[in-house]
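Summary of the model geometry
Residues per chain are reported as follows:
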Amino acid sequence: MARARDRNARGRNLEAAAGNGLIDRRALLGRGMMIAGAMGAGIGPASAGAEPLADDPWSLEVGDPMPLYQVPSKFEAKVARTLSNPNFEPRNSHARTPHHLLDGATTPNGLHFAINHGGVPTIDPEKHRLVIHGLVKRPLEFSLESLSRYPMTSRVSFLECGGNSAPMFSPEPMQETVQALHGLVSCAEWTGVKLSTLLEETGIDPGAKWFIAEGADSPHLSRSVPVKKALDDAMIALYQNGERLMPGNGYPMRLLLPGYEGNMNVKFLRRIKLVDQPALSMYEARTYSQILPSGKAYRFYFLQEVKSFITSPSHGGKLKGPGLYEISGIAYSGTGRIEKVMVSADGGQSWAQAALQEPVLSKAFTRFRLPWRWDGGPATLQSRAWDEAGNVQPTRAEFVAARGELAKPAPVLSFPNQHYNSITSWGVGTNGEVKHVYA
Amino acid sequence: MSTPDRAILTAATLLLAMTTAASLAETPNLGKPIDEAAIAAWDISILPDGTGLPKGSGTPAEGAVIYAEKCVSCHGENGQGGIAAALVSDQKIAGISAAQKTIKNFWPYSTTIFDFIRRAMPFQTPRSLGDDEVYALTAYILAENKLIGATDVMNAQTLPQVKMPNRDNFILRFPDRI
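Reading the values: the criteria
- Residues numbered from 1 in each chain as written.
- Chains lettered and ligands numbered in written order.
- Predicted model: local features only at pLDDT ≥ 70, side-chain atom pairs only at ≥ 80, totals over all residues.
- Helix = DSSP H or I, 4+ residues; strand = E, 2+ residues; numbered from the N terminus.
- Buried ≥ 20, exposed ≤ 12 C-beta atoms within 10 Å, placed from the backbone.
- Contact = placed C-beta atoms within 7 Å.
- Nonpolar A, V, L, I, M, F, W, Y, C, P; charged D, E, K, R; others polar.
- Pairing = 2+ DSSP bridges.
- Core = buried A, V, L, I, M, F, W, Y, C linked by C-beta atoms within 7 Å.
- Domains from an automatic or database assignment.
- Axes fitted to C-alpha atoms, helices over the stretch in contact; angles between N-to-C directions.
- Parallel < 35°, antiparallel > 145°, perpendicular 65-115°, else oblique.
- Left-handed = near helix turned anticlockwise from the far one by under 90°.

Moving on, we get to the overall build of chain B. Assigned secondary structure in chain B consists of six helices and four strands. Seen in sequence order, chain B has helices and strands lined up from the N terminus as α-β-α-β-α-α-α-α-β-β. For chain B, buried positions account for 30% of its 178 residues. Of all intrachain contacts in chain B linking residues separated by at least 6 positions in sequence, the fraction that spans at least 24 positions is 62%.

With that settled, the discussion passes to the interface of chain A and chain B. At the interface, 56 residues of chain A touch 47 residues of chain B. It is helix H5 (residues 195-202) of chain A that provides the largest number of residues to the side of chain A that touches chain B, a total of five residues. Residues that form the side of chain A that touches chain B fall into these classes: 29 nonpolar, 15 polar and twelve charged. Pairing of strand E5 (residues 140-143) of chain A with strand E1 (residues 32-33) of chain B, which is carried by two bridges, proceeds in the antiparallel orientation. When the sheet's bridge partners are listed, A:Glu141 is paired in E1(B) with B:Lys32.

Residues and elements named next belong to chain A. Along the polypeptide, Thr-122 turns up in the loop between strand E3 (114-116) and strand E4 (129-134). A residue is classified by how many C-beta atoms lie within 10 Å of it, and Thr-122, with 7 of them, is exposed. Along the chain, Thr-122 and Val-136 lie 14 residues apart, while their C-alpha atoms are 30 Å from each other.

Across soluble globular proteins, nonpolar side chains show a tendency to be buried alongside one another. Ranked by size, the top nonpolar core spans 139 residues in total, and within it A:Leu22, A:Phe211, A:Ile236 and A:Val341 carry the most contacts. A per-element tally of this core places helix H6 (residues 131-144) of chain B first, with nine residues. Residue contributions to this core reach at least three from each of two domains, namely domain 1 (129-170 + 186-287) and domain 2 (307-437) of chain A. Once residues lying within four places of it in the same chain are set aside, the contact partners of A:Phe211 are A:Val225, A:Val227, A:Ala230, A:Ile272, A:Lys273, A:Leu274 and A:Val275.

Bringing the pairing of strand E23 (residues 434-437) of chain A into the picture now. Residues and elements named next belong to chain A. Every second residue of E23 is oriented toward a common face, the buried set being Val-434 and His-436 and the non-buried set Lys-435 and Val-437. Pairing analysis gives four bridges linking strand E22 (residues 425-428) to E23, with the strands arranged antiparallel. Bridge pairing in E23 links Trp-426 to His-436. In sequence, E22 turns back onto E23 through a hairpin of five residues, with Gly-432 there showing a positive phi of about 90 degrees.

Residue and element names in this part refer to chain A. As summarised here, the arrangement of the five strands in space is E18-E17-E21-E22-E23, forming an open sheet in which the pairing is antiparallel. Strands with a single pairing partner mark the edges of an open sheet, and in this sheet they are strand E18 (352-353) and E23. Direction of pairing for strand E17 (residues 338-344) relative to strand E21 (residues 379-387): antiparallel, over a ladder of six bridges. Looking across to E21, one finds that Lys-340 is bridged to Trp-386.

Residues and elements named next belong to chain A. Entries for chain A in the domain assignment read domain 1 (129-170 + 186-287) and domain 2 (307-437). Placing a centre on the C-alpha atoms of domain 1 and another on those of domain 2 gives a separation of 30 Å. With 15 residues of domain 1 in contact, the opposing surface of domain 2 contributes 20 residues. Of the residues forming the side of domain 1 that touches domain 2, the biggest block, three residues, is contributed by strand E6 (residues 153-160).

In this section: the sheet that holds E1(B). Remark on secondary structure: sheet strands pair via backbone hydrogen bonds, oriented parallel or antiparallel. Spatially, the six strands line up as an open sheet ordered E9(A)-E8(A)-E13(A)-E4(A)-E5(A)-E1(B), and their pairing is mixed. Among the strands making up the open sheet, the edge pair consists of strand E9 (222-226) of chain A together with E1 of chain B. Where E4(A) meets E5(A), four bridges bridge the pair, whose relative direction is antiparallel. Bridge pairing links A:Arg129 to A:Ser143 in E5(A).

A few words now on the packing of helix H5 (residues 111-120) of chain B against H6(B). All names here are of chain B. Two elements in contact, H5 and H6, have axes separated by 9 Å at closest approach and are oriented at 130 degrees. As far as their axial angle goes, H6 and H5 are oblique. Crossing of H5 against H6: the hand is right-handed. Contacts from Ile-113, Phe-114, Ile-117 and Arg-118 in H5 reach Val-134, Leu-137, Thr-138 and Ile-141 in H6. Taken together, the residues of the contact of H5 with H6 sort by class into six nonpolar, one polar and one charged.

On to the packing of helix H3 (residues 60-70) of chain B against H6(B). All names here are of chain B. Viewed as axis vectors pointing N to C, H3 and H6 meet at an angle of 100 degrees, and their least axial separation amounts to 7 Å. The orientation of H3 with respect to H6, classified from their angle, is roughly perpendicular. Along the contact surface, H3 presents Pro-60, Glu-62, Gly-63, Ala-64, Ile-66 and Tyr-67, while H6 presents Glu-133, Ala-136, Leu-137, Ala-139, Tyr-140 and Ala-143. Here the contact of H3 with H6 is built from residues that sort into nine nonpolar, one polar and two charged.

Printed below as a string of structure tokens:
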């Protein structure tokens, strides 16, 4: 009895993380599990009613032969990207990552988000060439085969469309899943050749301040990037999570600019031209220049700033009765590592620090988790991230004050503005239904 | 500084120089030299000051003919009302919605119009237009927006001179990253 009392006392200690049922993250680390178990007792089904076990049909026959390249179980068919242009009309196409159906910090290649502006080109890797020219000492041409002999480097990096989360500019919370709201961000391990290595061979004319990257796709998509980024961590990526790039993600090679808006990470990369001034290509002069409340517009935003969102529970889900749940989500920053993530279950009145899944890598997804005991009452779940440079994810009020809000909701697939990195709130009703709310 | 210290410093400098030289020499050097002339067909970037604009020219009237044949099905009669973005509009910007952006009220440089048409349009057959045709279409769009006169000729000299109304309305978001 004395030991039980002691255990319960510790349990109360660990519970005291924040309001409305948030439990200390250390409960995830083992010493709290027994307490978490104790909390579950009395809520879960009684063991007396369980059916006796019997062998299922698949345990009584030989299974299927193995395919050359395996795909997920047929029971996971709903774990798929959503397409913005399923009938392939003459415009761009987006495919969004189903974050609410995934866990961990890596996006499977088949579910990596993509936006293509003129379809997915079918590029013969034997014929593809990358040319580096302009303000260099000697212009050079590289084949995929020659690049494959260069020193390779691997890094995990998130990629996010500058227009991800654009529905959050709506003046009212759009009733959409985390996939529709935030599905234009993914995270993979990229392997390739550092751009600085290739620029050592071409040499750089002192007058070069920018480089223009251009793709071999039908729009010949091009963006201007400061040479500063080329000499920092830019990479010519050849592999995605260990295999060659997916066609929709830039096969056979793409520019990778860790932490910078997706559109700049030019896919199907065929040309890099060093220049003294930015080109002000359509995507930088128009599309990715954001109108501000003042009427002026930002130019060269580049950075995907510190951000987080809860993926479970999230909009469209339903909690099956009061009890212990794990709040889990994704945090990332284009500036560096995630320092901490705070979670609230009462709409931001009180906060508890979430556990961060190791390893916490720079400019990569960091999975955060926190135990939560739902008492069946209303709850508003939020997450807020800090990065190692001290940047903090703005509250919605702070964000709207700086960046404005639309006069009326825009279609969920449109990009009425960009670079939204504020807090996302999920409201849990007494019926367990989870909906998108503003708080 | 004592002599041994200086010797160590010299040695360290030498080592650093050797290491740098070695790391430079260590790249595989598999890049194949190529002349700018051989890159010309791919080198389609136009800079705001006009660098990269090719020879050739076009007028709004010539552009209207090409527009009716190759652009109208997506961009609509007179550059508006089609399934693709409106090219001609007097819309003003009020509020933060990107849906209001037009060439006239937002695009800062006329060179971007030439650059984008030449690299990406028509949607189904990009790179099929000759440079004169691209100049003509650019002239047509600028004239329909009343940004140039109805008979103005667009070429490598005149196009960069077109002053776009919104040019000075931009703020660099992160100047230290440039």
